[in-house]
Amino acid sequence: MKAVRFIEEGRPPEILDVPKPAPGPGEILVKIAGAGVCHSDLHVLDHGIGIPGPFTLGHENAGWVAALGQGVTGWKEGEPVAVYGPWGCGLCHQCQTSAENYCERHASIPSYGGGLGSDGGMAEYMIVPSPRLLVPLGKLNPTMAAPLSDAALTPYHAIKAALPLLTPDATVVVLGIGGLGHIAVQILKALTSARLIACDIDEAKLAHARQLGVERTINTQDGALAAEEIADLVGERGVTVALDFVGAQPTIDLCSRIVGRASRISVVGLAGGTLHYSPNMPPFGCEVSIPYWGSRTELIEVIALAESGHIRAAVETFPLENAVDVYQRLREGRIEGRAVLLP
Ligand code: NAD
Ligand code: ZN
Ligand code: ZN
């Protein structure tokens, strides 16, 4: 079968022929319906970020159960499933609570998950090492649902932790209306009635946010000007929650400038910016969070939000063979919503 392989940092991905895998004891073979193309893959391709290759990319996957390894029961062939992406040890305290994204034994586990150290879903089939890592998709179409397992789960986790602050009189700012950000604004609209401001440096992404029902959008190309515009909108109270889906120096600095006292900054993006602290910048009472992905329980909640029609990934599909071009399009900001590769 064809697979999109990460070889080593600094090299573009390669489309190679690899053998169809067979599930070992306790494992499940999943036939892939779609694999989302996440910006994190660009960080891996460019800088490695501590994840050595080679392996098959694709950490945002959904498909159908194709075969059960020895000893696996309870799943039927053909059942549509989302693959829960952050694979932990399954045994530590965090994993027991289903938060494998915060596995306490991560340092002794050889990979972050399929597509991030182990072979992922940019291929016709992938091996999932345990049935606990599959979540039923119900009536959702697995191709369109693939982004739920990261592009929706990651912002859902960040937003859920911020919910106590997201009262109807609060203001929430979303920075970066790409794969994660365009679902973040939908989750915020579904779960809160806080005033929502969407920010990006790309007018097409801001237009997308308006299509999704966001009333206030701001171009943050000029950070100082954007901070003034936001201050005019929110007044002395400042922004209550800033969700940064970029994580570059300009967006982290902007978050610090726009939040008020007793606020929260969540830095989700991995673009390598640094949060500087000096007294009252960010302001006193500001919580800073660096969320990573989400728990398996939260993936079940995200799937329920999609099933009830509250959130929907805007998906552009491409044949797997076009992966190199699709990564280039993502790099240049030419994907609206999420690109999904079809094997
Ligand atoms: P994407 O490329 O689809 O979207 C990024 C968006 O940010 C684009 O719309 C782009 O125009 C915008 N942008 C770029 N620079 C900007 C700036 N200076 N100011 C405002 N907007 C700017 O990317 P994505 O797949 O949504 O991923 C976003 C980030 O989140 C990446 O860094 C990715 O690695 C990271 N990520 C983190 C986690 C986690 O668990 N922490 C999970 C998934 C992705
Ligand atoms: Zn990702
Ligand atoms: Zn663990």
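Going along each chain's sequence as written, the residues are numbered from 1 onward. Whichever chain is written first is A, and whichever ligand is written first is 1; the rest continue in order. Side-chain atom pairs in this predicted model are given and counted only at pLDDT of 80 or more, local residue features only at pLDDT of at least 70, and totals for whole chains, interfaces and linings cover all residues. Side-chain metrics rest on all non-hydrogen atoms present in the structure, leaving aside hydrogens and water.

### Some points on the coordination of the zinc ion (ligand 3)
- Protein ligation of the zinc ion (ligand 3) involves Cys89 (SG), Cys92 (SG), Cys95 (SG) and Cys103 (SG), the donor distances falling in the range 2.3 to 2.4 Å.
- Coordination partners: N, O, S within 2.8 Å of the metal, 3.2 Å for Na, K and Ca; water not considered, so apparent gaps in a site are possible. Note on geometry labels: four donors, all angles 85 to 135 degrees, give tetrahedral; four donors become square planar and six octahedral when opposite donors are over 155 degrees apart and every other angle is between 65 and 115; remaining cases are irregular. Coordination at the zinc ion (ligand 3) comes from 4 donor atoms whose angles at the metal span 102 to 116 degrees, giving a geometry best classed as tetrahedral.
- Taken in sequence order, the residues that donate to the zinc ion (ligand 3) follow the motif C-x2-C-x2-C-x7-C. Separated by 11 residues along the polypeptide, Cys92 in the loop between β6 (80–83) and α2 (93–96) and Cys103 in the loop between α2 and β7 (113–114) bring together distant segments of the chain. Secondary structure elements follow DSSP: runs of H or I of four or more residues count as helices, runs of E of two or more count as strands, with numbering from the N terminus.

### Notes on the UniProt feature "domain: Enoyl reductase (ER)" (unreviewed entry) in the chain
- UniProt positions are given in the numbering used here, feature names are shortened, and annotations may be inferred rather than shown by experiment. Per the UniProt record, "domain: Enoyl reductase (ER)" (unreviewed entry) is annotated on residues 10–341.
- Counted over residues 10–341, helix gives 27% and strand 24%. Its end C-alpha atoms are 22 Å apart.

### Topic: the sheet that holds strand β13 (residues 216–219)
- A strand pair is defined by DSSP finding two or more bridges across the two strands. Strand order in the open sheet made by the 6 strands is β13-β12-β11-β14-β15-β16, with parallel pairing throughout. Of all strands in the sheet, those bounded by a partner on one side alone are β13 and β16 (287–289). Geometrically, the sheet is characterised by an average inter-axis angle of 15 degrees between neighbouring strands, direction not taken into account.
- Two elements, strand β11 (residues 171–175) and strand β14 (residues 239–244), share 4 bridges in a ladder whose sense is parallel. The residue of β14 that forms the bridge with Leu175 is Asp244.
- Contact definition: two residues touch when any of their heavy atoms are within 4.5 Å. Only the stretch in contact is used when a helix axis is fitted, and all axes are lines through C-alpha atoms; the angle between N-to-C directions ranges over 0 to 180 degrees. Against the sheet, helix α5 (residues 181–191) makes contact with β11, β12 (195–200) and β14, and its axis sits at roughly 165 degrees relative to β11, the strand it touches most.

### Topic: the packing of aromatic side chains
- Classification of ring pairs uses Phe, Tyr and Trp, with its six-membered ring standing for Trp, and accepts pairs whose centres are within 6.5 Å; under 30 degrees between planes counts as stacked, over 60 as edge-to-face, and the remaining range as tilted. Across all of its chains, the model carries 3 aromatic pairs by this definition.
- Seen from their ring centres, Phe6 and Phe55 are 5.2 Å apart, and the 50 degrees between their planes marks the pair as tilted. Taken as a pair, Phe6 in strand β1 (residues 2–6) and Phe55 in strand β4 (residues 55–56) lie far apart in primary sequence, 49 residues in all. As far as burial versus exposure is concerned, Phe6 and Phe55 are alike and both buried.
- Ring plane angle 75 degrees and centroid distance 6.5 Å describe the contact between Tyr112 and Tyr292, whose orientation is recorded as edge-to-face. With Tyr112 in the loop between α2 and β7 and Tyr292 in the loop between β16 and α9 (296–307), the pair connects residues that are 180 residues apart, well separated along the chain.
- Type-normalised accessible area, obtained with a 1.4 Å probe on protein chains alone, sets the label of each residue: buried when under 20%, exposed when over 50%, and partly exposed for intermediate values. A relative accessible area of 30% places Tyr292 in the partly exposed class.
- Aromatic rings pair up to connect Tyr112, Tyr292 and Trp293 into one cluster.
- One Lys or Arg, Lys20, reaches over the ring of Tyr125 and ends 4.4 Å from the middle of that ring. Only lysine NZ and arginine CZ atoms are considered, and such an atom sits over a ring when it is within 6 Å of the ring centre and within 35 degrees of the ring normal.

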